[in-house]
Amino acid sequence: SAELSLRPDGRPSSQQALIVQLGPVRYGASREVALQLKLPPQLLMPGRISNVDLRKPLLEVSLLTQPVDGACPLFLQRSEFRAMQVPSLLMEQLLPFPVRLVLDNDLEDFDSQSFLQHAAETFGVQQHELELTRLLRGSVIVDMHLKVEPARAASILDEVPTPQFRQKMETAMSQAGYRLKSLAAPGQQVFRRLLQTRLADALGSA
């Protein structure tokens, strides 16, 4: 592989080109290439993200192929990937401390205000510091995130996997008329990556 800069001076820029030679691929087989993307600055700004920015390409992939018979023509396939097509990028950057609850209830009976009130009390945060991200069917799947600073989020997320916290949440949900099936905090993994990134930045600056 080779990395090319699109700047005349050859220095790194926000627009980089990477050329990768995959080699021969048999018919019916496949090759996988993993890329790590970083969100551009306009998607990291606080507040509402414009539709224009969400639709701007993050990555353009051009695949040049040719059959084994050298006399055959070359084929060019091109695809673009946008931020709105990779929601996990936005989730980790904009909603850094997610929590998921699965309730054994019907979605039609779900009262968001009552749920948030009891959930916030259990997490030990103000109701405005807990925000619903989405609701899904399959019993009731509630995705939400903590809108607090990292230190508080770390303390809260450390307690979520414990049996004591689950019992506490079960009691709170029961008082609100819900039956808790499961409780997960994927925000813990995101928080670890956040700490690793900050540590790497600190070591790089030292």
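Keep in mind it's a predicted model, so treat the numbers as computed, not measured.

Rules used in this analysis
Residues numbered from 1 in each chain as written. Predicted model: local features only at pLDDT ≥ 70, side-chain atom pairs only at ≥ 80, totals over all residues. Heavy atoms only, no water. Patch = residues over 30% accessible without salt bridge, like charges linked within 9 Å, V, L, I, M, F, W, Y side chains within 5 Å. Areas by Shrake-Rupley, 256 points an atom, 1.4 Å probe, with all protein chains shown as cover. Salt bridge = Lys/Arg side-chain N within 4 Å of Asp/Glu carboxyl O. Helix = DSSP H or I, 4+ residues; strand = E, 2+ residues; numbered from the N terminus. Pairing = 2+ DSSP bridges. Axes fitted to C-alpha atoms, helices over the stretch in contact; angles between N-to-C directions. Contact = heavy atoms within 4.5 Å. Phe/Tyr/Trp six-rings, centres within 6.5 Å; stacked < 30°, edge-to-face > 60°. Buried < 20%, exposed > 50% of the residue type's maximum accessible area, 1.4 Å probe, protein only.

Asker: A description of a nonpolar patch on the surface should follow, citing residues and the corresponding values.
Answerer: Residues Leu-18, Val-20, Leu-22, Val-33 and Leu-63 make up a contiguous nonpolar surface patch of about 390 Å² in total accessible area. Assignment of secondary structure puts Val-20 in the loop between strand E2 (16-19) and helix H1 (51-55).

Asker: Any chance you could break down the sheet that holds strand E7 (residues 140-146) for me, citing the residues and the numbers?
Answerer: What the 4 strands build is an open sheet, ordered E6-E7-E5-E8; its pairing is antiparallel. Only two strands of the sheet have a single partner each, and these edge strands are strand E6 (130-137) and strand E8 (180-184). The mean inter-strand angle of the sheet, taken between neighbouring strand axes irrespective of direction, is 20°. Sheet analysis places strand E5 (residues 98-103) next to E8, joined by 4 bridges and oriented antiparallel. Within the sheet, the bridge partner assigned to Arg-100 lies in E8 and is Ala-184. Along the sheet, helix H3 (residues 112-123) contacts E5, E6 and E7; its crossing angle with E6, the most-contacted strand, is approximately 125°.

Asker: Could you give me a rundown of the packing of aromatic side chains, with the residues and numbers involved?
Answerer: Under the defined criterion, the tally for this structure stands at 4 aromatic pairs. Ring geometry for Phe-110 versus Tyr-178: centroids 5.6 Å apart, planes at 35°, classification tilted. Placement of Phe-110 in the loop between E5 and H3 and of Tyr-178 in the loop between helix H5 (163-175) and E8 is noted, with a sequence separation of 68 residues between them. Of the two residues examined, Phe-110 and Tyr-178, each falls in the buried class.

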